[in-house]
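Report on the structure
For reference, the chains in residue letters:
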Amino acid sequence: QKEVEQDPGPLSVPEGAIVSLNCTYSNSAFQYFMWYRQYSRKGPELLMYTYSSGNKEDGRFTAQVDKSSKYISLFIRDSQPSDSATYLCATAGGKLIFGQGTELSVKP
Amino acid sequence: SQTIHQWPATLVQPVGSPLSLECTVEGTSNPNLYWYRQAAGRGLQLLFYSVGIGQISSEVPQNLSASRPQDRQFILSSKKLLLSDSGFYLCAWSSAGVVGEQFFGPGTRLTVL
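In this text the structure is predicted, and so the values were computed from the model without any measurement.

**Thoughts on the interface of chain A and chain B**
- Contacts between the two partners involve 17 residues from chain A and, on the opposite side, 19 residues from chain B.
- Buried area between chain A and chain B, both sides added, is near 1,400 Å², and the carbon and sulfur share of it is 59%.
- The salt bridge involving Glu59 of chain B is made with Lys95 of chain A; its shortest N-O contact spans 2.8 Å.
- There are three residue pairs in polar contact (both at pLDDT 80 or more) connecting chain A and chain B.

Here's what the structure looks like:
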């Protein structure tokens, strides 16, 4: 079993839709959870960083962690074509462990 | 503000040739430094990390090596490239003692023919 599992997609939505991206992880000891956004042929950029369970909101983005089910989510409200990218979830034990990434396309 | 540079941006090399990729960070001191490889449609695989000059930890045994000759310089090398070494190589840094918040460079796309 992979330590972090993420549906690779691709996911295609119309502009303005609410997007839900999800990951599961296996190690209940993980405490730090991240979402990275990676545009095509670029390096990933840190989008959201959360500690332990709960929600964190930043503009149109909300990160949610449910430690009881080992489930992490990223919600994007009012999605824009500029949100089209690959989204990588990650968790940190002694090192960062990444999911495979979900490719998102927001169509105008 | 902190900046991370990688070069070259793209590289095409024949099998069996040597490799040297360089990464430098500006605007911070004593960072943790990381090398990752990303294959097409795959997640990021940690190759090496360093917490200080001359201190290198290897995550995946292979024909690659890393060195950190200066505080903010990280080099990825190979003596003889394999076809399987093709991929997108990313350097990243984090503050000392921090693992989660990593900041990535623009990457080097390596094609081995």
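Here the narrative resumes.
**Points about the sheet that holds strand β8 (residues 73-78) of chain B**
Residues and elements named next belong to chain B.
- If you walk across this open sheet you meet the four strands as β1-β3-β8-β7, and the pairing is antiparallel. Single-partner strands in this sheet number two, and they are β1 (3-7) and β7 (64-70). Averaged over all pairs of adjacent strands, the angle between strand axes in this sheet comes to 20 degrees, irrespective of strand direction.
- Where β1 and strand β3 (residues 19-26) come together, five bridges link them in antiparallel fashion. By the bridge assignment, Ile4 is partnered in β3 with Val25.

**Details of the nonpolar core**
- Trp35, Ile72, Leu74 and Tyr87 of chain A are the most contacted members of the largest nonpolar core, which has 24 residues in total.
- Within the residue set of this core, elements represented by two or more residues are β3 (19-25), β4 (32-38), β5 (45-51), β7 (61-66), β8 (71-76), β9 (85-92) and β11 (102-107) of chain A.
- No other element matches the four residues that β3 of chain A contributes to this core.
- Apart from residues no more than four positions distant in its own chain, Ile72 of chain A is found in contact with Leu21, Asn22, Cys23, Tyr25, Phe33, Trp35, Gln64, Val65 and Cys89 of chain A.
- Phe48, Leu81, Tyr89 and Val112 of chain B belong to the second largest nonpolar core, which has 20 residues in total.

**Observations regarding the pattern of salt bridges**
Residues and elements named next belong to chain A.
- Across all of its chains, the model carries six salt bridges over all chains by this definition.
- Put simply, Arg60 and Asp83 hold a salt bridge, and the shortest N to O gap is 2.8 Å. Taken together, the positions of Arg60 in the loop between β6 (54-58) and β7 and Asp83 in the loop between β8 and β9 put the pair 23 residues apart, joining distant regions of the chain.
- Overall, the relative accessible area of 26% leaves Arg60 in the partly exposed class.
- For Asp83, a relative accessible area of 1% puts it in the buried group.

Each value, and the rule that gives it
Residues numbered from 1 in each chain as written. Chains lettered and ligands numbered in written order. Predicted model: local features only at pLDDT ≥ 70, side-chain atom pairs only at ≥ 80, totals over all residues. Heavy atoms only, no water. Contact = heavy atoms within 4.5 Å. Buried area = accessible area lost by both parts, 1.4 Å probe. Salt bridge = Lys/Arg side-chain N within 4 Å of Asp/Glu carboxyl O. Polar contact = N/O pair within 3.5 Å; in protein donor to acceptor, adjacent residues only side chain to side chain. Pairing = 2+ DSSP bridges. Helix = DSSP H or I, 4+ residues; strand = E, 2+ residues; numbered from the N terminus. Axes fitted to C-alpha atoms, helices over the stretch in contact; angles between N-to-C directions. Core = buried A, V, L, I, M, F, W, Y, C linked by side-chain atoms within 4.5 Å. Buried < 20%, exposed > 50% of the residue type's maximum accessible area, 1.4 Å probe, protein only.

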